[in-house]
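For reference, the chains in residue letters:
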Amino acid sequence: MSKLIIEGGKRLCGKIEVQGAKNSALPILAATLLTGDSSVIHNCPNLSDVNITLNILRYMGCEVKKDGATVYVDSKCADKYDIPDELMHAMRSSIIFLGPMISRFGRARLTFPGGCELGPRPIDLHIMALRLLGVEISEKHGVLECSVPDGLHGAKISLSFPSVGATENIILAACMAKGTTIITNAAREPEIVDLADCLNAFGARITGAGEGVVIIDGVERLSGTMHTIIPDRIAAASYMAAVAATGGRVLLDHVIPSHLGSIIPVFEESGCTVSQRGNAILLDAPTRLHAVSFLRTMPYPGFPTDAQPPIMAMLATARGTGIFVENIFESRYKHVCALERMGAKIHLEGKVAVVEGVPELYAAKVAAPDLRGGAALVVAGLRASGVTEITGVNFIERGYEDIELVLSELGASIKKI
Ligand code: EPZ
């Protein structure tokens, strides 16, 4: 098991290029199954979650090649409509294959995705929606058996919660359904827009992605194309938090500032100056941040839940007290006890976390509880005086490409052993 060794207390300065978006790459790679053709996907981040997705495509019979950040997928010979247990459990988001498999093969068999570290991860909205599209789904012993006796047909689907994964699965299943599908209360994340842009380049007819109502007119077939994945707004926010925690200054290249619309004001309220230059952002942090009085996570365009852990770590040493409310996942505070071991003062009350800023954090041996919680511990370790050891690096590698190299380029003393 590898671990990260961080000698904190160094002011981070410099320039980094932000990786491609993990939460775009996963559904877009799954979407290549729909074409039965060759596709080229650029700016694909080198992450364990992406590699698991590529292995699932290979298992299904696709030809997959990776050349740096470019992935070539030829799904002509794909013929497997089930995902083996070990691959399903390796990555919770493999549920995103459900829509493409049903659309391509008329069948799908997969196990319930592991309830992961963020609390139970129900898929009731996915199942409700797919049934409306004509899918028969039975669940026995944790295995979902799906079939479409009369084929997929359009439907009016209203989501009780703007679930990102459910919105993506509906769009993927509806692209070649007979007739029109209308999703109301759809998720509006930029990764949904990126998926729709890619599918429209394949020949789909999707309008309204990024809005609350998405309309998909079913087409006969889709063909391969070339697509470039958008930059990862959560990775950008995480690196901004790392630099701001050390009172540093960073130029982030390859970002889309509008995707950070609810994140930049948080950095500004904490005392950072943030200026936008085209597809770059310049962040300049004071030596000590001010607390952000109130931060609630919401579906996009609200403040993203994925940025909550690293930004909480950054604000652990701010001047003053701030309140976080985590509205998306029911247990996304697993990083708090490790932060407290490093000297943070955080009081948890259900969805609410009260963060009382302390002047310093102290190095400790800590374990990453999940992907974004791991990023929070990296942020804290960069600030803390002394040498922090972080185990559970496999969680961090799911979402951050070469994090130790990126941070070293900014002057951090960090190594993976
Ligand atoms: C996506 O997860 C992202 N993952 C998550 O990022 C992100 O935190 C989340 O969206 C919210 O933005 C990928 O895109 C691969 P949801 P997803 O369906 O689709 C409940 C990261 O760190 N829900 O919007 O699973 C669910 O329990 C990851 O990169 C149901 O109740 O999120 C949760 O409380 C973590 N029933 C809430 O909705 C359902 O059928 C949000 O879930 C589906 C979801």
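The rules we used
- Residues numbered from 1 in each chain as written.
- Predicted model: local features only at pLDDT ≥ 70, side-chain atom pairs only at ≥ 80, totals over all residues.
- Heavy atoms only, no water.
- Axes fitted to C-alpha atoms, helices over the stretch in contact; angles between N-to-C directions.
- Helix = DSSP H or I, 4+ residues; strand = E, 2+ residues; numbered from the N terminus.
- Parallel < 35°, antiparallel > 145°, perpendicular 65-115°, else oblique.
- Contact = heavy atoms within 4.5 Å.
- Nonpolar A, V, L, I, M, F, W, Y, C, P; charged D, E, K, R; others polar.
- Domains from an automatic or database assignment.
- Buried area = accessible area lost by both parts, 1.4 Å probe.
- Phe/Tyr/Trp six-rings, centres within 6.5 Å; stacked < 30°, edge-to-face > 60°.
- Lys NZ or Arg CZ within 6 Å of the ring centre and 35° of its normal.
- Pairing = 2+ DSSP bridges.
- Salt bridge = Lys/Arg side-chain N within 4 Å of Asp/Glu carboxyl O.
- Buried < 20%, exposed > 50% of the residue type's maximum accessible area, 1.4 Å probe, protein only.
- Near = heavy atom within 4 Å.
- Polar contact = N/O pair within 3.5 Å; in protein donor to acceptor, adjacent residues only side chain to side chain.
- Areas by Shrake-Rupley, 256 points an atom, 1.4 Å probe, with all protein chains shown as cover.
- Core = buried A, V, L, I, M, F, W, Y, C linked by side-chain atoms within 4.5 Å.
- Disulfide = S-S within 2.5 Å.

Student: Tell me about the packing of helix α6 (residues 164-174) against helix α7 (residues 190-202), and please be specific about residues and values.
Tutor: The contact between α6 and α7 brings their axes to 10 Å, and the two run at 10 degrees. On the basis of the axis angle, α6 is roughly parallel to α7. Taken together, the residues of α7 that come into contact with α6 (itself represented by V164, T167, E168, I171 and L172) are I192, L195 and L199. By residue class, the composition of the contact of α6 with α7 is 6 nonpolar, 1 polar and 1 charged.

Student: Can you break down the domain arrangement of the protein chain residue by residue, with the values?
Tutor: Partitioning the protein chain into domains gives domain 1 (3-18 + 231-416) and domain 2 (22-228). Spacing between the C-alpha centres of domain 1 and domain 2 amounts to 30 Å. Between domain 1 and domain 2, the residue contacts involve 25 residues of the former and 20 residues of the latter. Carbon and sulfur atoms supply 51% of the area that domain 1 and domain 2 bury against each other, a total of about 1,800 Å² over both sides.

Student: Which residues make up the packing of aromatic side chains, and what are the values?
Tutor: The geometry of two aromatic rings is summed up by the distance between their centres and the angle between their planes. The full count for this structure, using the stated rule, is 1 aromatic pair. Ring plane angle 80 degrees and centroid distance 6.1 Å describe the contact between Y239 and Y400, whose orientation is recorded as edge-to-face. Of this pair, Y239 sits in helix α8 (residues 233-245) while Y400 sits in the loop between α13 (393-397) and α14 (403-409), and the two are 161 residues apart along the sequence. Positioned over the ring face of Y72 is K65, at 4.9 Å from the centre of the ring. K80 extends its terminal NZ or CZ atom over the ring of Y59, reaching a point 4.9 Å from the ring centre.

Student: How would you explain the sheet that holds strand β14 (residues 249-253) if you had to name every residue and give the values?
Tutor: With mixed pairing, 4 strands are arranged side by side in an open sheet as β2-β14-β16-β15. The two strands at the open ends of the sheet, each matched to only one other strand, are β2 (13-17) and β15 (273-277). On average, each strand axis in the sheet is tilted by 15 degrees relative to the strand beside it, whichever way the strands run. Relative to strand β16 (residues 280-284), β14 is paired through 5 bridges, and the arrangement is antiparallel. The residue bridging L251 from the neighbouring strand is L282, located in β16. Across the sheet, α8 lies against β2, β14 and β16, angled at about 165 degrees from β14, the strand it touches most.

Student: Any chance you could break down the pattern of salt bridges for me, citing the residues and the numbers?
Tutor: Within this structure, the stated rule accounts for 15 salt bridges. Notably, a salt bridge pairs K22 with D49, separated by 3.8 Å at the nearest N-O pair. Of this pair, K22 sits in helix α1 (residues 22-31) while D49 sits in helix α2 (residues 48-60), and the two are 27 residues apart along the sequence. For the pair K22 and D49, a shared accessibility class is recorded, and that class is buried. One salt bridge connects R332 with D306, and the closest N-O pair in it is separated by 2.6 Å. Here the residue R332 occupies a position in the loop between β18 (321-325) and α11 (336-341), and D306 occupies one in the loop between β17 (294-296) and α10 (308-315), the gap between them amounting to 26 residues.

Student: Lay out the site of the ligand in plain terms, naming residues and giving numbers.
Tutor: Taken together, 25 residues surround the ligand, and among them D124, L125, S163, D306 and I328 come closest. Interatomic distance of 2.9 Å between a backbone N/O atom of V164 and an oxygen atom of the ligand. Between the ligand and the protein, one listed contact pairs an oxygen atom with a backbone N or O atom of I328 at 2.6 Å. Contact with the protein chains hides 87% of the accessible area of the ligand, taken as 820 Å² for the molecule alone. Taken together, the elements giving at least two residues each to the shell around the ligand come down to α1, α5 (124-132), α6 and α12 (371-383). A domain split of the shell around the ligand shows at least three residues from each of domain 1 (3-18 + 231-416) and domain 2 (22-228).

Student: Any chance you could break down the nonpolar core for me, citing the residues and the numbers?
Tutor: Counting 76 residues, the largest nonpolar core has F267, L283, I311, M314 and L407 as the members making the most contacts within it. When residues in this core are grouped by element, the largest group, 11 residues, is from α8. Beyond its immediate chain neighbours, meaning those up to four positions away, L283 contacts M240, V243, A244, G248, R249, V250, F267, C272, T273 and V274. Core analysis: the second largest hydrophobic core is formed by 75 residues, A78, I127, L152 and C175 among them.

Student: Before we move on, can you summarise unusual backbone geometry with the specific residues and values?
Tutor: The residue after Y300, namely P301, is reached through a cis peptide bond having omega 10 degrees. Along the chain, P301 falls in the loop between β17 and α10. Even without being a glycine, H254 presents a positive backbone phi close to 60 degrees.

Student: Any chance you could break down the sheet that holds strand β12 (residues 213-217) for me, citing the residues and the numbers?
Tutor: If you walk across this open sheet you meet the 4 strands as β9-β10-β12-β11, and the pairing is mixed. Bordering the open sheet on either side are β9 (156-158) and β11 (205-207), each of which pairs with just one other strand. Ignoring which end each strand starts from, the neighbouring axes of this sheet average 15 degrees apart. Bridging between β11 and β12 involves 3 bridges; their strand directions are antiparallel. Its bridge partner being in β12, T207 is matched across the sheet by I215.

Student: Could you give me a rundown of the state of the cysteines, with the residues and numbers involved?
Tutor: Counted by the stated rule, this structure contains 0 disulfides. Of all cysteine sulfurs, the one in C62 lies closest to C77, which takes part in no disulfide; the gap is 8.7 Å. Relative accessible area serves as the criterion here: at 53%, C77 is assigned to the exposed category.

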